[in-house]
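Below, each chain spelled out in residue letters.
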Amino acid sequence: AAFIPGYSHYIWLQLIGKPLWWVVLVFVPIASTLVIVAMKIDLVRAFGKHKLSEHAAALFLPFYYFPKIGFDSKVKYLGPAEEQKNLP
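K.L.:
What exactly am I supposed to notice about the side chain of K18 here?
P.N.:
Looking at where K18 falls in the secondary structure, it is placed in the loop between α1 (7-16) and α2 (22-26). Among the polar contacts made by the side chain of K18, one reaches the side chain of D42 at a distance of 3.4 Å. Setting aside its immediate chain neighbours within four residues, K18 contacts L13, D42 and E82.

K.L.:
Would you take a moment to explain the packing of aromatic side chains for this structure?
P.N.:
Note on aromatic pairs: each is described by the distance of the centres and the angle between the planes. All told, the structure shown has three aromatic pairs when counted by the stated rule. When the ring of Y7 is compared with that of Y10, the centres are 5.9 Å apart and the planes differ by 25°; the resulting orientation is stacked. Taken together, the residues span about one helical turn, with Y7 and Y10 both in helix α1 at a distance of three residues. Ring geometry for F47 against Y77: centres 5.5 Å apart, planes inclined by 65°, an arrangement best described as edge-to-face. One end of the pair, F47, is in the loop between α3 (29-46) and α4 (52-60); the other, Y77, is in the segment after α5 (62-71), and 30 residues separate them in sequence. With a relative accessible area of 24%, F47 lands in the partly exposed category.

K.L.:
What's the story with the nonpolar core in this structure? I'm lost.
P.N.:
If you look at the biggest cluster of nonpolar residues, it comprises nine residues: W12, L13, I16, W22, V23, V26, V35, M39 and L43. Elements that contribute at least two residues to this core include exactly α1, α2 and α3. In this structure, L13 is in contact with K18, P19, L20, W22, V23 and M39, ignoring residues within four places of it in sequence. With six residues, the next largest nonpolar core counts V44, A57, A58 and V75 among its residues.

K.L.:
It is not clear to me how α1 should be interpreted in this structure. Could you clarify?
P.N.:
Of the positions making up α1, those classed as buried are S8, H9, W12, L13 and I16. End-on view of α1: buried residues confined to an arc of 135°, all on one side of the axis. Of the residues flanking the end of α1, it is G17, one or two places downstream, whose phi is positive at about 75°.

K.L.:
Which parts of the structure should I look at to understand the packing of α3 against α5?
P.N.:
Angle between the axes and distance between the axes: these two values describe a pair of packed helices. Two elements in contact, α3 and α5, have axes separated by 11 Å at closest approach and are oriented at 25°. The angle between α3 and α5 falls in the class roughly parallel. As for how α3 packs across α5, the hand of that crossing is left-handed. Along the contact surface, α3 presents K40, L43 and V44, while α5 presents P62, Y65, F66 and I69.

K.L.:
Explain the pattern of salt bridges here, please?
P.N.:
Pairs can form between side chains of opposite charge whenever their charged atoms are close. This model, assessed by the stated rule, comprises two salt bridges. For D42, the salt bridge goes to K18, with nearest N and O atoms at 3.4 Å. Taken together, the residues span a long stretch of sequence, with D42 in helix α3 and K18 in the loop between α1 and α2 at a distance of 24 residues. Exposure class is identical for D42 and K18. Each is buried. Across the salt bridge formed by R45 and D42, the nearest N and O atoms sit 3.1 Å from each other. Taken together, the residues span about one helical turn, with R45 and D42 both in helix α3 at a distance of three residues. For R45, a relative accessible area of 23% puts it in the partly exposed group.

Procedures and definitions
- Residues numbered from 1 in each chain as written.
- Predicted model: local features only at pLDDT ≥ 70, side-chain atom pairs only at ≥ 80, totals over all residues.
- Heavy atoms only, no water.
- Helix = DSSP H or I, 4+ residues; strand = E, 2+ residues; numbered from the N terminus.
- Polar contact = N/O pair within 3.5 Å; in protein donor to acceptor, adjacent residues only side chain to side chain.
- Contact = heavy atoms within 4.5 Å.
- Phe/Tyr/Trp six-rings, centres within 6.5 Å; stacked < 30°, edge-to-face > 60°.
- Buried < 20%, exposed > 50% of the residue type's maximum accessible area, 1.4 Å probe, protein only.
- Core = buried A, V, L, I, M, F, W, Y, C linked by side-chain atoms within 4.5 Å.
- Arc of directions from axis to C-beta.
- Axes fitted to C-alpha atoms, helices over the stretch in contact; angles between N-to-C directions.
- Parallel < 35°, antiparallel > 145°, perpendicular 65-115°, else oblique.
- Left-handed = near helix turned anticlockwise from the far one by under 90°.
- Salt bridge = Lys/Arg side-chain N within 4 Å of Asp/Glu carboxyl O.

Written out as structure tokens, the structure is:
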């Protein structure tokens, strides 16, 4: 699913709980930058990472930080950040 353009963004939006029409914004030249930044931050928030340093790592070091989260057995998917209870 990660290698299919559009479908990977569809799966990503389901993970972070955003509306599916955001897939269209991913392909709009200027809006795509802002939408992808928001999606990256929401993805790390879905895994319980709410600190500014963790958001910055997701934005500036995604090829390091996302695999780190993915392979860490202590980190669990908590669902979209808006649906999480007891947010810091």
